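Take a look at the letters that make up each chain.
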Amino acid sequence: MTIYIALLRGINVGGHHKIKMADLKTLLEGLGLSRVQTYIQSGNVLFESPKSKTELKELFENGIREAFGYSISVIFRTGEEMEDIIRSCPFSEAMIQEADEASAFVSFYVGMLPDAPSQEEVDKLVAAANEEETIRCIGSNIYLLLKKAPEIRS
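A quick note: this is a predicted structure, and the numbers were derived from the prediction, not measured.

Chemist: What is the right way to read the state of the cysteines from this model?
Modeler: By definition, a disulfide is the covalent link that joins the sulfur atoms of two cysteine residues. Summed over all chains, the structure comprises zero disulfides. With no disulfide of its own, Cys 89 lies closest to Cys 137 among cysteine sulfurs, the gap being 13 Å.

Okay, here's the thing in structure tokens:
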């Protein structure tokens, strides 16, 4: 059995595609997943399964479409992959702390993509960053460090 984290995209955002986490948990247990745990209304699910990510993607997307009536996409990471995201962070603790101290907002983010972007896509993303943003892509994860808070315009 593999421990997975499923990140359901586009649910419970702005009042759209609402799914109660208790209903999602019941659905996923009914689809054969073990030790299912949800996190608040985030659409994040922790569970165990012997299935592959490809099998799980089909299971989740079809199950949610049938049960709730709309299509969503899902990104999966294994427990080991989540640990690797932390180990592979391209920014030192000191860099993150310095950015945090310079900002009233969160300054460090990790974006998870379903697949690794091409080098051309990564190059475009990095080229679009300004001097206050540092972007690194490792596999299908994008790390973003904001060196100071953006100005808020009213």
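Chemist: Sorry, what's going on with the layout of surface pockets here?
Modeler: One water molecule sets the probe size; rolling that probe over the atoms shows where empty space is left. The computed volume of the largest pocket comes to approximately 280 Å³. Lining the largest pocket are 17 residues, and of these Lys 53, Phe 76, Arg 77, Pro 114 and Ser 140 sit closest to its centre. Within the residue set of the lining of the largest pocket, elements represented by two or more residues are helix 2 (53-68), strand 4 (73-78), helix 3 (79-87) and strand 7 (141-146). With four residues, the single largest contributor to the lining of the largest pocket is strand 4. Of the residues that constitute the lining of the largest pocket, the class distribution is seven nonpolar, four polar and six charged.

Chemist: Hey, could you run me through the environment of Val 74 in this one?
Modeler: Tracing the sequence through the fold places Val 74 in strand 4. Along the sequence, Val 74 and Ile 86 sit twelve residues apart, while their C-alpha atoms lie 21 Å from each other. If near-sequence neighbours (up to four positions away) are discounted, Val 74 is found in contact with Ala 6, Leu 7, Leu 8, Lys 57, Phe 60 and Glu 61.

The rules we used
- In every chain, residue numbers begin from 1 and rise along the written sequence.
- Selection of residues for local features in this predicted model requires a pLDDT of at least 70, selection of side-chain atom pairs for listing and counting requires 80 or more, and totals for whole chains, interfaces and linings are taken over all residues.
- Hydrogens and waters are ignored; side-chain quantities use all the structure's heavy atoms.
- Note on disulfides: each one is a pair of cysteine sulfur atoms within 2.5 Å.
- Of the two site types, the cavity is a set of points on a 1 Å grid over the protein atoms alone where a 1.4 Å probe fits but cannot get out, and the pocket is an open set with protein on both sides within 12 Å along at least five of seven lines, each lined by residues with an atom within 4 Å of a point.
- Grid points are joined across faces, edges and corners, and a volume is the space filled by probe spheres set on the points.
- Secondary structure elements follow DSSP: runs of H or I no shorter than four residues count as helices, runs of E no shorter than two count as strands, and numbering proceeds from the N terminus.
- By the convention adopted, Pro, Cys, Tyr, Trp, Phe, Met, Ile, Leu, Val and Ala count as nonpolar, Lys, Arg, Asp and Glu as charged, and the other residues, Gly among them, as polar.
- Whether two residues are in contact is decided by their heavy atoms, any of which lying within 4.5 Å being enough.

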